[in-house]
Amino acid sequence: MKKLLLGLPIAAALLLGACGETAVEKVDKEKTPAASEKKKEEKKDVVYKVGDTVKVNGVEITITKAAFTAPAEYSEAKNGKVLTLDVKVKNSSDSQAFVDNTEFGLSYGDTQAEYYYGYNDLAISQELNKGKQATGKLYFDVKPAKSYELIYSPTFAFDSKEIKWKISVK
């Protein structure tokens, strides 16, 4: 019992020592920004757009497409539209990573959008092994708006970092 009590504080110290700020960076395949540019980006509230790849704690997330889709035959959209977002995730970290649709929220104006559950295909929900990638969809029941704001808040982050995308649908 004494060994357990002595080992518990050591394990807690190691766990807390591994905690840090969520690392967020935009992945730019054309050029790598200088260190000073990275610092400027981190200080301001960066809002990404459809097509941008954002790396969060070793997981690359890309919203590849945003479109309105027709509601399912037997499940109407209460607000009139279903906004469907195609998402691609890639684990470029050295360990497993978890990404789930519940980590994403959508708002427009003062309204928080509800998830739409009328389709049979699965939303994004993946435990990704090192180097693997997956695709999925996010569905939201929305009213027509000029633009929407998608917010990603990683479940296993120790801070309250939010990554934002401005979603415009034509």
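Just so you know, these numbers come straight off a predicted model, no measurement behind them.

*Asks:* Where do I start with the overall build of the protein chain in this structure?
*Replies:* In terms of regular secondary structure, the protein chain is built from two helices and 13 strands. Across the protein chain, contacts joining residues at least 24 apart in sequence account for 70% of those joining residues at least 6 apart. Entry remark: accessible area of the protein chain is about 11,200 Å², with carbon and sulfur atoms responsible for 53%.

*Asks:* Looking at this structure, I do not really get the pattern of salt bridges. What am I missing?
*Replies:* A pair can form between side chains of opposite charge whenever their charged atoms are brought close. Evaluation of the coordinates by the stated rule reveals four salt bridges. Put simply, Lys 49 and Asp 52 hold a salt bridge, and the shortest N to O gap is 3.5 Å. The partner of Glu 114 in a salt bridge is Lys 78, and the shortest N-O contact between them spans 3.1 Å. Linking Glu 114 in strand β9 (residues 114-115) with Lys 78 in the loop between β4 (59-69) and β5 (81-91), this pair joins segments that are 36 residues apart in sequence. In this structure Glu 114 comes out as partly exposed when scored by relative accessible area, which is 41%.

*Asks:* Explain the sheet that holds strand β12 (residues 148-152) to me, please; I cannot follow it from the model alone.
*Replies:* Strand pairing in a sheet relies on backbone hydrogen bonds, with the paired strands running either antiparallel or parallel. The strand order β2-β13-β12-β7-β8 describes an open sheet built from five strands, whose pairing is mixed. On the outer flanks of this sheet lie β2 (47-49) and β8 (111-112), each paired with one strand and no other. The sheet contact formed by β12 and strand β13 (residues 163-167) spans five bridges and is antiparallel. Considered in β13, the bridge of Tyr 148 is made with Ile 167.

*Asks:* Would you mind showing me how to read unusual backbone geometry here?
*Replies:* Trans is the prevailing form of peptide bonds, just as negative phi is the prevailing case for residues other than glycine. Unlike most non-glycine residues, Asn 57 shows phi in positive territory, near 50°. Checked against the element boundaries, Asn 57 lands in the loop between β3 (53-56) and β4.

*Asks:* Quick question: what am I supposed to make of the confidence of the model for the protein chain here?
*Replies:* Fine structural detail should not be taken from predicted coordinates in areas where pLDDT scores are low. Per-residue pLDDT for the protein chain has a mean of 80; in total, 75% of the residues score no lower than 70. Low pLDDT, under 50, characterises residues 1-20; the stretch is placed with two contacts to residues that sit more than four places away or in other chains.

*Asks:* Looking at this structure, I do not really get the side chain of Thr 84. What am I missing?
*Replies:* With respect to the secondary-structure elements, Thr 84 resides in strand β5. Within the structure, Thr 84 has its side chain in polar contact with the side chain of Thr 69 (distance 2.7 Å). With near-sequence residues (within four places) excluded, Thr 84 lies in contact with Lys 65, Ala 66, Ala 67, Thr 69, Lys 137, Leu 138 and Tyr 139.

*Asks:* Help me understand the packing of aromatic side chains, please; the structure alone is not making it clear to me.
*Replies:* One pass over the full model with this rule turns up eight aromatic pairs. Within the aromatic cluster, the residues linked to one another by ring pairs are Phe 68, Tyr 108 and Tyr 148.

The rules behind these values
- Residues numbered from 1 in each chain as written.
- Predicted model: local features only at pLDDT ≥ 70, side-chain atom pairs only at ≥ 80, totals over all residues.
- Heavy atoms only, no water.
- Helix = DSSP H or I, 4+ residues; strand = E, 2+ residues; numbered from the N terminus.
- Contact = heavy atoms within 4.5 Å.
- Areas by Shrake-Rupley, 256 points an atom, 1.4 Å probe, with all protein chains shown as cover.
- Salt bridge = Lys/Arg side-chain N within 4 Å of Asp/Glu carboxyl O.
- Buried < 20%, exposed > 50% of the residue type's maximum accessible area, 1.4 Å probe, protein only.
- Pairing = 2+ DSSP bridges.
- pLDDT = per-residue confidence, 0-100.
- Polar contact = N/O pair within 3.5 Å; in protein donor to acceptor, adjacent residues only side chain to side chain.
- Phe/Tyr/Trp six-rings, centres within 6.5 Å; stacked < 30°, edge-to-face > 60°.

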